[in-house]
Amino acid sequence: MATYRFWMEIGGQLKALVKKKSNNKYGLYVEVGSLQLYEGQGELVMIWGLFRADSTNFMPLDFQRSSAGADSKYSTIETPFVKDSDGRLAVELDFEESLAPFYVSILLKSKLGSNSKISTIRSQRKTNFVVPVGFRSGSATDNKEHHVLLDPYAKVIEDLGLGLPRKCLGKLYKEPAYDWSGEFRPSIPMEKLIIYRLNITGFTKDKSSKLPGDIAGTFSGISEKLHHFKDLGVNAILLEPIFPFDEKKGPYFRGISFLLKGEGCALRDIDSSYYHTEGGDNLTSRNALNCNYPIVQQMILESLRYWVIEFHIDGFCFINASHLMRGFHGEFLSRPPLVEAIAFDPVLSKAKIIADSWDPHEMEKKEIVFPHWKRWGEMNAKFCVDVRNFLRGQVSFSSSTSGSELSWNCGEEGPTKKTLVLERRLKQIRNFLFILFISLGVPVLNMGDECGQSTGGSQEYADRKPLDWNAFRSGFGTQVTQFISFLSLLRRRRSDILQRRSFLKEDNIEWHGTDRTPPMWDDPSCKFLAMTLKADALSNQPTSGSPDAGLICCLQQCQSFTESCSPPCS
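Residues numbered from 1 in each chain as written. Predicted model: local features only at pLDDT ≥ 70, side-chain atom pairs only at ≥ 80, totals over all residues. Heavy atoms only, no water.

1. Quick look at the overall build of the chain
Formally: Only DSSP runs of H or I reaching four residues or more are called helices, and only runs of E reaching two or more are called strands; each is numbered from the N terminus. Relative accessible area decides the class of each residue, using a 1.4 Å probe on protein chains only: under 20% of the type maximum gives buried, over 50% gives exposed, and in between gives partly exposed. The contact rule is simple, with two residues in contact once any of their heavy atoms fall within 4.5 Å. To measure how exposed things are, a 1.4 Å probe is used in the Shrake-Rupley method; for residues, cover is taken only from the protein chains shown.
Looking only at helices and strands, the chain has 10 helices and 24 strands in total. Here the chain holds 570 residues, and the buried ones make up 45% of them. The contacts of the chain with a sequence gap of at least 6 include a subset with a gap of at least 24, amounting to 63%. Only carbon and sulfur atoms are counted for the fraction: they give 52% of the accessible area of the chain, which is about 30800 Å².

Here it is as structure tokens:
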């Protein structure tokens, strides 16, 4: 038997007793003691309903529909209190054991005198009285004992070697809190960021990194290469998913959506509500998290807060962000609760939060209208496609087996020593980098962009190779690295134009052809384009030039393309 006591807002106590009966039922006995009944007050009624995760969404009560006062709209029932043998007001209910576990939500109501005025009685906290029924000690296996389940809130995971389909379990592990004294958050404004996106293992795994085996391919390996980021002018690092994953499929295919990255998290076996069970776009087959379901939303928010508070993570990028806008049945929501909750959360709203519409299943970016509440950044998918199309001149990748990208090999597939091909590639890389850094938004570099490392036009994760640090010692790599460093410095020196929180007005941008002539937009043979960006006359941002100084940008287009920089955040 379990006993629960609640203080009522008008004084006195409500006591609830839950008991497992021998007839495969749970009994709930609710008693009201020391209740100060008003003179002439009528009967006292208990309004109650059952729920599992969401207290605003009661379970249907068809099994008791014959009871008087059943409310079909809210699936609640009104049951009057009666005096027991000791003269106390009480209600006694029975529930089938198969319904458990669940919660009983209780509200008291009384009618006053002849005018039938309704008085509602709640807890001292002005909430419903909530009584758990049928909750027992947890088990590491699912309801069918098929396999071991991993606690989704486990902070430390241990491989038990049990020979079961899922061998990892959460481990109770206490460790002194990390001493963050002396550490400070950079708190760099979003518009000032220059981001470098990398894979932790691939960044320093190759022997060319010249790091010891116990450091190569780890977080410590990144810290050993901080000088590389400083040389590039990078001030933010975007990590690909950091949990173990199938090396052939990549970090975005692990049976669970963007947040929980471990294959052992058997959320579906814990509660099917964690995932979409219906809806379009193959949500069910993709094991998409039901992000806006209350219990899932709570888990996501608590997980994100944990990373910010305990590990001082500065922000998050949400891949396949369109799923954050899905309702319980797969429908699109104009105001998704999770997106709004993150935007206004006292902890998370101070972090960098970025939505990326790239869909790892369909290998494409989806154009969506993402609600940002002036807190969210968003990866600009259309920018990437437009720039690639412009610089390649609508020429596809040469090899039919490598034609999945909007790209061209500059005359020869794969590595080459031909001077002409290398010159074309270098020019195109500089074009891409130049456009990326002078565009209005946050530039995002991909690991290997600084040395022209490519996947040969393939989007398959298995075709990605660890970063070759020897490439930085070549003339090609040295030139590209120095160019990025120059562009990073340019953004900082002309922050009044290139690091604005708002876009430039149309009057602040002028387009030119050669010799400052009008651009030849309709001439397909024209390969030159230039523009002048003008600073606002009243701009109060620091600049190395005069207040009305502009920035002239020129671009020479060639019929070539290499896989290059990521689009900026808008």
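2. Regarding the packing of aromatic side chains
To be explicit about the condition: Each pair of aromatic rings taken from Phe, Tyr and Trp, with Trp reduced to its six-membered ring, is defined by centres within 6.5 Å and is described as stacked if the planes are under 30 degrees apart, edge-to-face if over 60, and tilted in the remaining cases. Geometrically, a charge over a ring is one whose NZ (Lys) or CZ (Arg) sits within 6 Å of the ring centre while staying within 35 degrees of the ring normal.
As enumerated under the stated definition, the model contains 19 aromatic pairs in all. For the pair Phe6 and Phe129, a centre-to-centre distance of 5.7 Å together with 75 degrees between the ring planes defines the contact as edge-to-face. With a gap of 123 residues between them, Phe6 in strand S1 (residues 2-7) and Phe129 in strand S10 (residues 129-133) connect regions that are remote in the sequence. Note on accessibility: Phe6 and Phe129 belong to one class, buried. Put simply, the rings of Tyr196, Phe203, Phe229, Trp469 and Phe472 pair up and form one aromatic cluster. Above the face of the Tyr26 ring, Lys20 is positioned so that its terminal group lies 5.7 Å from the ring centre. Of note, Arg430 hangs over the ring of Phe483, and the distance from its end group to the ring centre comes to 4.2 Å.

3. A closer look at the packing of helix H7 (residues 381-392) against helix H8 (residues 419-438)
Cut-off, in case you're wondering: Axis definition: a line fitted to C-alpha atoms, over the contacting stretch in the case of helices. Angles run 0 to 180 degrees between N-to-C directions. By convention the crossing between two helices is left-handed if the near helix lies anticlockwise of the far one by an angle smaller than a right angle, and right-handed if it lies clockwise. Charged residues are taken to be Asp, Glu, Lys and Arg, nonpolar residues to be Ala, Val, Leu, Ile, Met, Phe, Trp, Tyr, Cys and Pro, and polar residues to be all remaining types, Gly included.
Their axes nearest at 11 Å, the elements H7 and H8 cross at an angle of 145 degrees. As for how H7 packs across H8, the hand of that crossing is right-handed. Contacts from Phe383, Val387, Arg388 and Leu391 in H7 reach Gln428, Asn431, Phe432, Ile435 and Leu436 in H8. The residue makeup of the contact of H7 with H8, split by class, is 6 nonpolar, 2 polar and 1 charged.

4. So, the pairing of strand S15 (residues 315-319)
The criterion, for reference: Strand pairing follows a simple DSSP-based rule, namely that at least 2 bridges must link the two strands. For crossovers, right-handed means that the path from the first strand over the helix to the second runs clockwise, given strands pointing away from the viewer.
Extensive coverage of S15 is indicated by the burial of 4 of its 5 residues. Looking at chain direction, S15 and strand S16 (residues 352-356) are connected through 5 bridges and run parallel. Bridge pairing in S16 links Cys317 to Ile354. A crossover connection joins S15 to the parallel S16 through helix H6 (residues 337-344); in handedness this β-α-β unit is right-handed.

5. So, the nonpolar core
A general tendency of soluble globular proteins is for nonpolar side chains to be buried together. To be explicit about the condition: Residues belong to one nonpolar core when they are buried, are Ala, Val, Leu, Ile, Met, Phe, Trp, Tyr or Cys, and are joined through side-chain atoms within 4.5 Å.
Tyr196, Leu198, Phe203, Leu433, Leu445, Leu467 and Leu533 are the most contacted members of the largest nonpolar core, which totals 41 residues. With 29 residues, the next largest nonpolar core counts Val30, Trp48, Met59 and Val104 among its residues.

6. Considerations on the confidence of the model for the chain
We count it as follows: Each residue carries a pLDDT score, the predictor's own confidence in it, on a scale running from 0 to 100.
Counting all residues, the mean pLDDT for the chain is 78, and 74% of those residues have values of 70 or more. In this model residues 63-73 is a low-confidence stretch, pLDDT under 50, and it forms 19 contacts with partners more than four residues away in sequence or in other chains. In the model, residues 396-404 has pLDDT below 50 throughout and makes 20 contacts with residues more than four positions away in sequence or in other chains.

7. Overview of the sheet that holds S1
In spatial order, the strands read S1-S2-S3-S7-S6; together these 5 strands make up an open sheet with antiparallel pairing. In the strand order of this sheet, the two ends are held by S1 and strand S6 (82-83), each with one partner. One ladder, built from 2 bridges, connects S6 with strand S7 (residues 89-96); its direction is antiparallel. Considered in S7, the bridge of Val82 is made with Ala90.

8. Overview of the sheet that holds strand S19 (residues 376-378)
The sheet built from 3 strands is open, its strands ordered S15-S16-S19 with parallel pairing. The open sheet has two edge strands with one neighbour each: S15 and S19. In this sheet, neighbouring strand axes are inclined to one another by 25 degrees on average, regardless of whether the strands run parallel or antiparallel. Where S16 meets S19, 3 bridges bridge the pair, whose relative direction is parallel. Looking at S19, one finds that Ile353 is bridged to Trp376. Packed onto the sheet, H6 meets S15, S16 and S19 and runs at close to 120 degrees relative to S19.

9. A closer look at helix H9 (residues 475-493)
The test is simple: Given the number of residues in a helix, its expected span is that number minus one, multiplied by 1.5 Å.
Across its 19 residues, H9 extends 27 Å between first and last C-alpha, which sits within 8% of the 27 Å expected from 1.5 Å per residue. Where H9 is concerned, the buried positions are Gly477, Val480, Thr481, Phe483, Ile484, Leu487, Ser488, Leu490 and Arg491.

10. Structural notes on the pattern of salt bridges
Just so we agree on the cut-off: Criterion for a salt bridge: a side-chain nitrogen of Lys or Arg within 4 Å of a carboxyl oxygen of Asp or Glu.
In this structure the tally under the stated criterion is 16 salt bridges. One salt bridge in this structure joins Glu9 and Arg122, with 3.7 Å as the shortest N-O distance. Taken together, the positions of Glu9 in the loop between S1 and strand S2 (13-20) and Arg122 in the loop between strand S9 (117-121) and S10 put the pair 113 residues apart, joining distant regions of the chain. In this structure Glu9 comes out as partly exposed when scored by relative accessible area, which is 28%. Put simply, Glu9 and Lys126 hold a salt bridge, and the shortest N to O gap is 3.6 Å. A residue pair is termed long-range when its members are at least 10 positions apart, and Glu9 in the loop between S1 and S2 and Lys126 in the loop between S9 and S10 qualify at 117 residues.

11. Observations concerning the packing of H8 against H9
Selection rule: Every angle not falling under 35 degrees, over 145, or within 65 to 115 is termed oblique; those three ranges are roughly parallel, roughly antiparallel and roughly perpendicular.
For the pair H8 and H9, interaxial distance at closest approach is 10 Å and the crossing angle is 15 degrees. On the basis of their axis angle, the class for H8 and H9 is roughly parallel. Note that H8 runs across H9; the crossing there is right-handed. Side by side, H8 and H9 meet where Leu422, Arg425, Leu426, Ile429, Arg430, Leu433, Phe434, Leu436, Phe437 and Ile438 of the first sit next to Phe476, Gln479, Val480, Phe483, Ile484, Leu487, Ser488, Leu490 and Arg491 of the second. Residue classes in the contact of H8 with H9 are distributed as 14 nonpolar, 2 polar and 3 charged.

12. Observations concerning the pairing of strand S22 (residues 528-534)
The element S22 is extensively covered by neighbouring structure, given that 5 of its 7 residues are classed as buried. Of the strand pairs in this sheet, strand S21 (residues 509-512) and S22 are connected by 4 bridges, and their pairing is antiparallel. Counted as the bridge partner of Ile509 is Leu533 from S22.

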